[in-house]
Structure formats: C-alpha cells, structure tokens
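Okay, here's what each chain looks like letter by letter:
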Amino acid sequence: YGDASGGGSFLIMEHLELRGSANPAEFGRAMAQLHLAEPSSEPARAGKFGFDVENTIGGTSQPNGWLDDWPEFFRTRRIGHQIRLTGSDEL
C-alpha cells in the first residue's frame, strides 16, 4: 500500500486465478495458513486491533487507530465513525 505521486493511493495484492470450481478443502487450508501469519506491525503482534495508517472506503474516511479489543475497535472505528459522519443525533 502507499500513496501515489500523482495523488490517490494504491494497494498491491496477490493475483488469484478465480475460475473453475472451488476446492473447499484447499480454501480451508489457505485460510488457516493466512491466519497463522505473523503480523508485521508491533501493535498487531501485541494483540491490538487497527492498522498503521488511516484509509478510505471510496470517498469516506476510515480511521484505523489501534485499540485493545475487537468490539471496541468495530464500535468506535467502524460503526461509530459512520454514525458520526451522518451528523444525526437520532442514530
């Protein structure tokens, strides 16, 4: 991930051949392997939830500051942030 010199951001991901029938056993093994990976960020290795940089979903900002537990992260950084953006006191 990073910022492009001409503006905007980018994310580079692995290419996946998504054709033909899926193999559920192979998918399960790949997901298990993914979840065994050691996080590169120190806060993540310490069991915190978040990300090192803020990002966006389309044109909407998405804060990613580190928090100690998943429910608090999701409530504050995802759902709470979206509710605050509406400017409504009724939500």
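The structure under discussion appears in the preceding block.
Note that the coordinates shown come from a computational prediction; the quantities given were computed from them, not determined experimentally.

Cut-offs and rules
- Residues numbered from 1 in each chain as written.
- Predicted model: local features only at pLDDT ≥ 70, side-chain atom pairs only at ≥ 80, totals over all residues.
- Heavy atoms only, no water.
- Helix = DSSP H or I, 4+ residues; strand = E, 2+ residues; numbered from the N terminus.
- Buried < 20%, exposed > 50% of the residue type's maximum accessible area, 1.4 Å probe, protein only.
- Contact = heavy atoms within 4.5 Å.
- Areas by Shrake-Rupley, 256 points an atom, 1.4 Å probe, with all protein chains shown as cover.
- Lys, Arg positive; Asp, Glu negative; His and termini not counted.
- Charge placed at Lys NZ, Arg CZ, Asp CG, Glu CD.
- 1 Å grid on protein atoms, 1.4 Å probe; cavity = no way out; pocket = protein on both sides within 12 Å on 5 of 7 lines; lining within 4 Å.
- Points joined across faces, edges and corners; volume = space filled by probe spheres on them.
- Nonpolar A, V, L, I, M, F, W, Y, C, P; charged D, E, K, R; others polar.
- Salt bridge = Lys/Arg side-chain N within 4 Å of Asp/Glu carboxyl O.
- Phe/Tyr/Trp six-rings, centres within 6.5 Å; stacked < 30°, edge-to-face > 60°.

This part covers the overall build of the chain. In terms of regular secondary structure, the chain is built from 3 helices and 4 strands. Its helices and strands in sequence order give the chain the pattern β-β-α-α-β-β-α, from N to C terminus. Dimensions of the chain along its principal axes, counting C-alpha atoms only, are 50 × 35 × 30 Å. Looking at the chain residue by residue over its 91 residues, the buried ones come to 13%. Long-range pairs, those at least 24 residues apart, make up 9% of the contacts in the chain between residues at least 6 apart in sequence. Within the structure as shown, the chain displays about 7,700 Å² of accessible surface, and the carbon and sulfur contribution to it stands at 58%. If you average the places of the 8 positive and of the 13 negative side-chain charges in the chain, the two averages end up 3 Å apart.

If you trace the backbone, Ile 12 turns up in the loop between strand S2 (9-10) and helix H1 (24-36). Put simply, Ile 12 and Gly 65 are 53 residues apart on the chain and 22 Å apart in space, counted from C-alpha to C-alpha.

Attention shifts here to the layout of surface pockets. Taken as a whole, the second largest pocket encloses approximately 490 Å³ of empty space. Surrounding the second largest pocket, 14 residues form its lining, Leu 16, Leu 18, Glu 26, Phe 27 and Ala 30 being those nearest its centre. Residues belonging to the lining of the second largest pocket are distributed by class as follows: 7 nonpolar, 3 polar and 4 charged.

Moving on to the pattern of salt bridges. Across all of its chains, the model carries 4 salt bridges by this definition. The salt bridge involving Glu 17 is made with Arg 19; its shortest N-O contact spans 3.0 Å. In this structure, Glu 17 and Arg 19 share a single accessibility class: exposed.

Turning our attention to the packing of aromatic side chains. This structure, assessed with the given rule, holds 3 aromatic pairs. A ring pair is formed by Trp 70 and Phe 74, whose centres lie 5.6 Å apart and whose planes are at 40°; its orientation type is tilted. In this pair, Trp 70 and Phe 74 both sit in helix H3 (residues 70-86), 4 residues apart, roughly one turn of the helix. Using a relative accessible area of 44% as the deciding quantity, one classes Trp 70 as partly exposed. Connected via pairs of aromatic rings, a cluster forms that spans Phe 49, Trp 70, Phe 73 and Phe 74.

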